[in-house]
Amino acid sequence: MTSDEPRISLLGTSALLFDAPGNTDLRTQQRIWAIAREAEHWPEIREAVPGMNNLMLSFASPPTRLEPIEARLRAAWTSAEPLAVTGRLFELPVV
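All of the points below concern the structure found in this document. A quick note: this is a predicted structure, and the numbers were derived from the prediction, not measured. (Residues numbered from 1 in each chain as written. Predicted model: local features only at pLDDT ≥ 70, side-chain atom pairs only at ≥ 80, totals over all residues. Heavy atoms only, no water.)

## A short note on the pattern of salt bridges
Two side chains that carry opposite charge are able to pair once their charged atoms sit near each other. Counted by the stated rule, this structure contains three salt bridges. Residue Arg72 pairs with Glu44 through a salt bridge whose shortest N-O separation is 2.9 Å. Here Arg72, found in helix H2 (residues 67-79), pairs with Glu44, found in the loop between helix H1 (26-39) and strand S3 (45-51); they are 28 residues apart in sequence, far enough to count as distant. For Glu44, a relative accessible area of 21% gives the class partly exposed. Measuring nitrogen to oxygen at the nearest pair gives 3.7 Å for the salt bridge that ties Glu67 to Arg65. On the accessibility criterion, Glu67 (47% relative accessible area) is partly exposed. (Salt bridge = Lys/Arg side-chain N within 4 Å of Asp/Glu carboxyl O. Helix = DSSP H or I, 4+ residues; strand = E, 2+ residues; numbered from the N terminus. Buried < 20%, exposed > 50% of the residue type's maximum accessible area, 1.4 Å probe, protein only.)

This is how it looks when you write it as structure tokens:
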């Protein structure tokens, strides 16, 4: 694996972590958001949780084989177009 390739690691039997390659920047984060939005609709995925330059996918049930999911993630990363997400402003009153 080179530094150009994503890293995929198991988080127990119920989830995996997709680490994006490269620097932490907005374009990379926007690609993570795009993959998260796509993965939410995969039947074997219960939840897609984007983080900083990574994505945690929790499984609906533990998979018997990881290779198909890993291959789909790598393909999604390769084809992902950056997704702009509108932020929200939360104002908390302080006394």
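## Structural notes on the packing of H1 against H2
In the contact formed by H1 and H2, the axes pass within 9 Å of each other and the chain directions differ by 130 degrees. Taken together, the axis directions place H1 and H2 in an arrangement best described as oblique. Crossing of H1 over H2 shows right-handed handedness. On H2, the residues touching Thr28, Arg31, Ile32, Ile35 and Glu38 of H1 are Leu73, Ala76, Trp77 and Thr78. Among the residues making up the contact of H1 with H2, the classes are represented as five nonpolar, two polar and two charged. (Axes fitted to C-alpha atoms, helices over the stretch in contact; angles between N-to-C directions. Parallel < 35°, antiparallel > 145°, perpendicular 65-115°, else oblique. Left-handed = near helix turned anticlockwise from the far one by under 90°. Contact = heavy atoms within 4.5 Å. Nonpolar A, V, L, I, M, F, W, Y, C, P; charged D, E, K, R; others polar.)

## Regarding the pairing of S3
By the bridge criterion, six bridges tie S3 to strand S4 (residues 54-59) in an arrangement that is antiparallel. Residue pairing across strands places Glu47 opposite Ser58, the latter belonging to S4. Two successive antiparallel strands, S3 and S4, enclose a turn made up of two residues, where Asn53 displays a positive phi of approximately 65 degrees. (Pairing = 2+ DSSP bridges.)

## Let's talk about the packing of aromatic side chains
A complete count under the given rule lists one aromatic pair for this structure. When the ring of Phe18 is compared with that of Trp77, the centres are 5.7 Å apart and the planes differ by 55 degrees; the resulting orientation is tilted. One end of the pair, Phe18, is in strand S2 (residues 15-19); the other, Trp77, is in helix H2, with 59 residues separating them in the sequence. Both residues of the pair, Phe18 and Trp77, count as buried. (Phe/Tyr/Trp six-rings, centres within 6.5 Å; stacked < 30°, edge-to-face > 60°.)

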